[in-house]
Amino acid sequence: MPRTLIEPQSPIERLSILDSEGNLDTALEPKLSADDLKRLYRAMVLGRRLDERMLRLQRQGRIGTFAPIKGQEASQIGSVFTLKPTDWVVPSFRETASMLWRGWPIETLLSLYAGRLEGSSPGPEQRDLPVTIPVATQLPHAVGIAYGIQYRGEDAVVMTYFGDGATSEGDFHEACNFAGVWHVPVVFLCQNNQWAISVPIKKQTNSRTIAQKAIAYGFPGIQVDGNDVLAVYAASREAVERARAGEGPTLIECVTYRLGVHTTADDPTKYRTDEEVKAWEQKDPLTRFRAYLEKKNLLEPALEEQIDEEIVRGVERFEAMPQADPLGMFEHAYAELPPHLVAERAEMAARLAAPEGNGAPTEAEPTSPPMRGQRRTSRWQN
Amino acid sequence: MAKLNMVKALNLALLEEMERDPDVLTIGEDVGVDGGVFRVTEDLHRRFGSRRVIDTPLAEAAIIGCSVGMAIYGLKPICEIQFSGFAFQCFHQIENHAARYRQRTQGRFHCQMVVRMPYGGGVRALEHHSESEEQFYAHIPGLKMVIPSGPRTARALLTAAIRDPDPVIFFEHKGLYHAAKEEVPDESEAMPIGRAQIAQEGSRLTLIAYGAMLRVALEAAETLQAEDGVTPEVIDLLTISPLDRETLVASVAKTGRAVVVHEAPLSFGPGAEIAASIMDGAFLSLEAPIRRVAAYDVPFVGFAREKASVPDVARVLAAARETLTF
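Here's what I pulled together on the structure shown here. (Residues numbered from 1 in each chain as written. Chains lettered and ligands numbered in written order. Predicted model: local features only at pLDDT ≥ 70, side-chain atom pairs only at ≥ 80, totals over all residues. Heavy atoms only, no water.)

**Section: the overall build of chain B**
At step 1: Counting its regular elements, chain B contains 12 helices and 14 strands.
At step 2: Here the C-alpha atoms of chain B give a radius of gyration of 19 Å, agreeing with the 20 Å that 2.2 N^0.38 yields for 326 residues.
At step 3: Expressed as lengths along the three principal axes of its C-alpha atoms, the size of chain B is roughly 60 × 40 × 40 Å.
At step 4: Looking at chain B as a whole, 62% of its 326 residues qualify as buried.
At step 5: When contacts within chain B are restricted to residue pairs at least 6 apart in sequence, long-range pairs at least 24 apart make up 81% of them.
At step 6: Carbon and sulfur atoms make up 51% of the accessible area of chain B, which totals about 12200 Å².
At step 7: Charge centroids of chain B, computed over 33 positive and 43 negative side chains, lie 2 Å from each other. (Helix = DSSP H or I, 4+ residues; strand = E, 2+ residues; numbered from the N terminus. Rg over C-alpha atoms; globule rule 2.2 N^0.38 Å. Buried < 20%, exposed > 50% of the residue type's maximum accessible area, 1.4 Å probe, protein only. Contact = heavy atoms within 4.5 Å. Areas by Shrake-Rupley, 256 points an atom, 1.4 Å probe, with all protein chains shown as cover. Lys, Arg positive; Asp, Glu negative; His and termini not counted. Charge placed at Lys NZ, Arg CZ, Asp CG, Glu CD.)

Here you go:
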């Protein structure tokens, strides 16, 4: 009995169309209209400028902890651009640019990071799941939705986002495995930004690429330059078309870099060098795409100013929101409030209605009669 | 009326609901061709096909996680976790996601799904096959936790659970699957979730139990009647969460004494919540401290010692008599 080679033998493709030196592979250049190219750029700039604004808002204490996207705009916009509104997006927690593209209002996203659950509420027609904080646990949800699409024979696909760290989680494996077995229309979009908080990709996986993990699940995987919006777009369009045609899932690894902090709660200077960050700044997806558009004479004048004005208006709407009503916490725990929550809600309502707003109803008006056998206080005796 | 055991009664509820609503699916390991290791899903595969009765890869987190996605999409998955002891591999999907999507999305999406799991001891099973962990689910806001006590309640509660817009954890005691047959109505029947039943009217003492412990409580009640001349009231809890405090309080207000029986370990178990609820609502009626008869606070002991661990009639009788003579 000899030793023989069996599958898999397929090497992993890496796609790059426009590099950081401005070299363009014209054979691979996607045929996008001038209008589409402008929309792509606009969305990336909006993502960047809002991210910068949010960082200042956080430092000022006007919103809480969030995960900045700086450096990952091409991965997010190049991919989400390929979806129709009737498709589904299942994000992780670092997809602000994708979410803006999908119609999440700026004030809604800000309100989430200001600690309101309302910020997780998609619009009535929006086929988007909210931010998911635990790592990789959203991936099976995407596969379940894709199963539903297949079950009802609907024309839709699901795109789900995650980072390199998520690929170490069991849920990543289980989701990919189910997706492969069920052959459902889902695109797994990994933003490999090199760092899972302080753990570098080399300590995260011993795989040469993340894309190759797809081979084990029986569907295609591809690595793309995640800072090249044209490459991300081309690979995503291919994957989305494949899913839509009933040809099953795809794993796309976008090789990118998180230029800022993991979240506003950590300090990346503790775990990575300035040289590394500077080297990646040279590959910034925005400057590269801007140079490309400049050559095509497609840059719009005063775009940044328009976008900043849009952000100002969004921040104003966020800050004009009334204070969160504490009683709102009871509204959506169950379809119908069970009796114990009716009682808890009533207790809180009474507490909030109390004069001075400082707690218990006044002693002069006990809410229930003293219990049998209890010694009455003098104030209750009359 | 047909006489069915609990397996057949559960199977009937699944069949009826899948026939009624094409959005209802059954999903789990071995639920298809094999009909489930306890045969609860028997024959469904043949009737509804492998797209609606889904034999999945062996992966609890994805069974629940994918079901969350299906439920968000608008389907109504009934998930089977083969044994409740394996549910910790998907506990995060239940707690972090199934229980929270309604609140997280302010009602835009919700998870109408049922997670069925066999639980409980006394059947000489392996480690991780005999535990009672209802307290974990009962403690999670956003979930409902249901445990039937026999064929009729199993069929009627599973029907209600499948129709319930909120996620329901549905425990089935392995010892009850084939324990007895019961008359089950020909017409589909749904019982309200969140209501306890008075299994036996009585006075001077309330015994509170659920699942397989109901039989233990009823047997103890029979002995108390024969030997002590006391006819206790016996409550079949049926829903652990939300708890039917009203029925518990009304009963103890009448009888003045309470003993709670469950298979979950004593500390921080359902008995503590039940006792606290009775204290809140019927403190001044109590003639004796509330007693709890439960499993000991050790990991499940293996079947050589399970008779000593799972509450039995003798322990319930001892607790009841102490309460009656306090």
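There is more to say, and it comes next.
**Details of the overall build of chain A**
At step 1: Per the secondary structure count, chain A includes 13 helices and 8 strands.
At step 2: On the principal axes, the C-alpha backbone points of chain A span a range of 95 × 65 × 45 Å.
At step 3: The contacts in chain A between residues at least 6 apart in sequence include a share of 74% that link residues at least 24 apart.
At step 4: Charged side chains in chain A number 43 positive and 53 negative. The centres of these two groups are separated by 3 Å.

**Here's the deal with the nonpolar core**
At step 1: Counting residues in each nonpolar core, the largest one holds 85 residues, and the members touching the most others are Trp 182 and Phe 188 of chain A together with Ile 64 and Ile 278 of chain B.
At step 2: For this core, the element with the highest residue contribution is helix α3 (residues 60–73) of chain B, accounting for 9 residues.
At step 3: If we skip the residues at most four places from it in the chain, Ile 278 of chain B touches Ile 208, Leu 248, Val 249, Val 252, Ala 258, Phe 283, Leu 286 and Ile 290 of chain B.
At step 4: Core analysis: the next-biggest nonpolar cluster, separate from the first, contains 64 residues, Ala 67, Val 157, Ala 243 and Ile 307 of chain A among them. (Core = buried A, V, L, I, M, F, W, Y, C linked by side-chain atoms within 4.5 Å.)

**Examining the pattern of salt bridges**
Where charged atoms of side chains with opposite charge meet at close range, the side chains can pair.
Residue and element names in this part refer to chain A.
At step 1: This structure, assessed with the given rule, holds 41 salt bridges over all chains.
At step 2: Across the pair Asp 36 and Arg 39 runs a salt bridge whose closest N-O atoms are separated by 3.0 Å. With Asp 36 and Arg 39 both in helix α1 (residues 34–59) and 3 residues apart, the pair spans about one turn of that helix.
At step 3: On the accessibility criterion, Arg 39 (37% relative accessible area) is partly exposed.
At step 4: A salt bridge links Asp 128 to Arg 102; the nearest nitrogen and oxygen atoms lie 2.9 Å apart. Highlighted residues: Asp 128 in the loop between α4 (106–113) and α5 (139–152) and Arg 102 in the loop between α3 (96–101) and α4, separated in sequence by 26 residues.
At step 5: Three or more residues are tied together by salt bridges with common partners; here these are Lys 84, Asp 87, Asp 155 and Arg 244. (Salt bridge = Lys/Arg side-chain N within 4 Å of Asp/Glu carboxyl O.)

**Examining the sheet that holds strand β14 (residues 291–295) of chain B**
Residue and element names in this part refer to chain B.
At step 1: Sheet architecture is open: 5 strands sit in the order β9-β11-β10-β13-β14, paired in mixed fashion. Lying at the two open borders of the sheet, with one neighbouring strand each, are β9 (197–200) and β14. On average, adjacent strands in this sheet sit at an angle of 25° to one another, irrespective of strand direction.
At step 2: Relative to strand β11 (residues 233–236), β9 is paired through 3 bridges, and the arrangement is antiparallel. (Pairing = 2+ DSSP bridges. Axes fitted to C-alpha atoms, helices over the stretch in contact; angles between N-to-C directions.)

**Focus: the interface of chain A and chain B**
At step 1: With 46 residues of chain A in contact, the opposing surface of chain B contributes 48 residues.
At step 2: When chain A packs against chain B, close to 3900 Å² is buried across both sides, 63% of that on carbon and sulfur atoms.
At step 3: It is Tyr 151, His 332 and Tyr 334 of chain A that lose the most area in chain A upon contact with chain B, and together they represent 19% of the buried surface on that side.
At step 4: Counting across the interface, chain A meets chain B through 1 salt bridge.
At step 5: The residue Asp 23 of chain B makes a salt bridge to Arg 152 of chain A at a minimum N-O spacing of 3.2 Å. (Buried area = accessible area lost by both parts, 1.4 Å probe.)

**Overview of a nonpolar patch on the surface**
Residues and elements named next belong to chain B.
At step 1: Among the surface-exposed residues, Met 279, Phe 283 and Leu 284 lie close enough to one another that they form a single nonpolar patch of about 260 Å² accessible area.
At step 2: Structurally, the position occupied by Met 279 is in helix α10 (residues 270–282).
At step 3: With a relative accessible area of 39%, Met 279 lands in the partly exposed category. (Patch = residues over 30% accessible without salt bridge, like charges linked within 9 Å, V, L, I, M, F, W, Y side chains within 5 Å.)

**Details of empty space enclosed by the protein**
At step 1: Under the defined criterion, the tally for this structure stands at 1 cavity of 30 Å³ or more.
At step 2: There is about 50 Å³ of room inside the largest cavity.
At step 3: Every residue lining the largest cavity is listed: Ala 333 of chain A together with Ala 98, Ala 99, Tyr 101, Arg 102, His 110, Cys 111, Gly 142, Pro 165, Asp 166 and Pro 167 of chain B.
At step 4: Taken together, the residues of the lining of the largest cavity break down into 7 nonpolar, 2 polar and 2 charged. (1 Å grid on protein atoms, 1.4 Å probe; cavity = no way out; pocket = protein on both sides within 12 Å on 5 of 7 lines; lining within 4 Å. Points joined across faces, edges and corners; volume = space filled by probe spheres on them. Nonpolar A, V, L, I, M, F, W, Y, C, P; charged D, E, K, R; others polar.)

**Observations regarding the packing of α5 of chain A against α3 of chain B**
At step 1: Following both chains from N to C, one finds α5 of chain A and α3 of chain B inclined at 55°, their axes separated by 6 Å at the closest point. As summarised for this structure, α5 of chain A and α3 of chain B are arranged oblique, according to the angle between their axes. Classified by chirality, the crossing of α3 of chain B by α5 of chain A is right-handed. Note on element contacts: α3 of chain B touches α5 of chain A through Ala 62, Gly 65, Cys 66, Val 68, Gly 69, Met 70, Ile 72 and Tyr 73 of chain B, opposite Pro 140, His 141, Val 143, Gly 144, Ile 145, Tyr 147, Gly 148, Ile 149 and Arg 152 of chain A.
At step 2: Of the residues assigned to the contact of α5 of chain A with α3 of chain B, the class counts are 11 nonpolar, 5 polar and 1 charged. (Parallel < 35°, antiparallel > 145°, perpendicular 65-115°, else oblique. Left-handed = near helix turned anticlockwise from the far one by under 90°.)

**Let's talk about the packing of helix α6 (residues 170–182) of chain A against α3 of chain B**
At step 1: Contact pair α6 of chain A / α3 of chain B: the axes reach a minimum separation of 9 Å and the direction vectors enclose 70°. On the basis of the axis angle, α6 of chain A is roughly perpendicular to α3 of chain B. As α6 of chain A packs across α3 of chain B, the resulting crossing turns out to be right-handed. Residue-level inspection shows Asp 171, Glu 174, Phe 178 and Trp 182 of chain A of α6 of chain A in contact with α3 of chain B, the latter providing Glu 60, Ala 61, Ala 62, Ile 63, Cys 66 and Met 70 of chain B.
At step 2: A breakdown of the residues in the contact of α6 of chain A with α3 of chain B according to their chemical character gives 7 nonpolar, no polar and 3 charged.

**Comments concerning the pairing of β11 of chain B**
At step 1: Along β11 of chain B, one buried face is formed by Glu 233 and Ile 235 of chain B and the opposite face, lined by Val 234 and Asp 236 of chain B, is buried too.
At step 2: Between the parallel pair strand β10 (residues 206–209) of chain B and β11 of chain B, the chain is carried across by helix α8 (residues 213–228) of chain B, and the sense of this crossover is right-handed. (Right-handed = clockwise from strand over helix to strand, strands pointing away.)

**Quick notes on α8 of chain B**
Residues and elements named next belong to chain B.
At step 1: Between its first and last C-alpha, α8 extends 21 Å over 16 residues, near the 22 Å set by a 1.5 Å rise per residue.
At step 2: Those residues of α8 that are buried are in contact with β9, β10, β11, β13 (258–265) and α12 (313–324).
At step 3: Just downstream of α8, Gly 229 is the residue with a positive phi angle, here 70°. (Expected span 1.5 Å × (residues − 1).)

**Topic: the layout of surface pockets**
At step 1: A volume near 1200 Å³ is recorded for the largest pocket.
At step 2: In this structure, the largest pocket is lined by 49 residues; those nearest its centre are Glu 95, His 139, Ile 140, Pro 141 and Gly 142 of chain B.
At step 3: If you list the elements that add at least two residues to the lining of the largest pocket, you get α4 and α13 (339–353) of chain A together with α4 (91–98), α5 (101–104), α6 (134–138), β12 (239–241) and α10 of chain B.
At step 4: The element that contributes the greatest number of residues to the lining of the largest pocket is α10 of chain B, accounting for 4 residues.
At step 5: Of the residues that constitute the lining of the largest pocket, the class distribution is 27 nonpolar, 15 polar and 7 charged.

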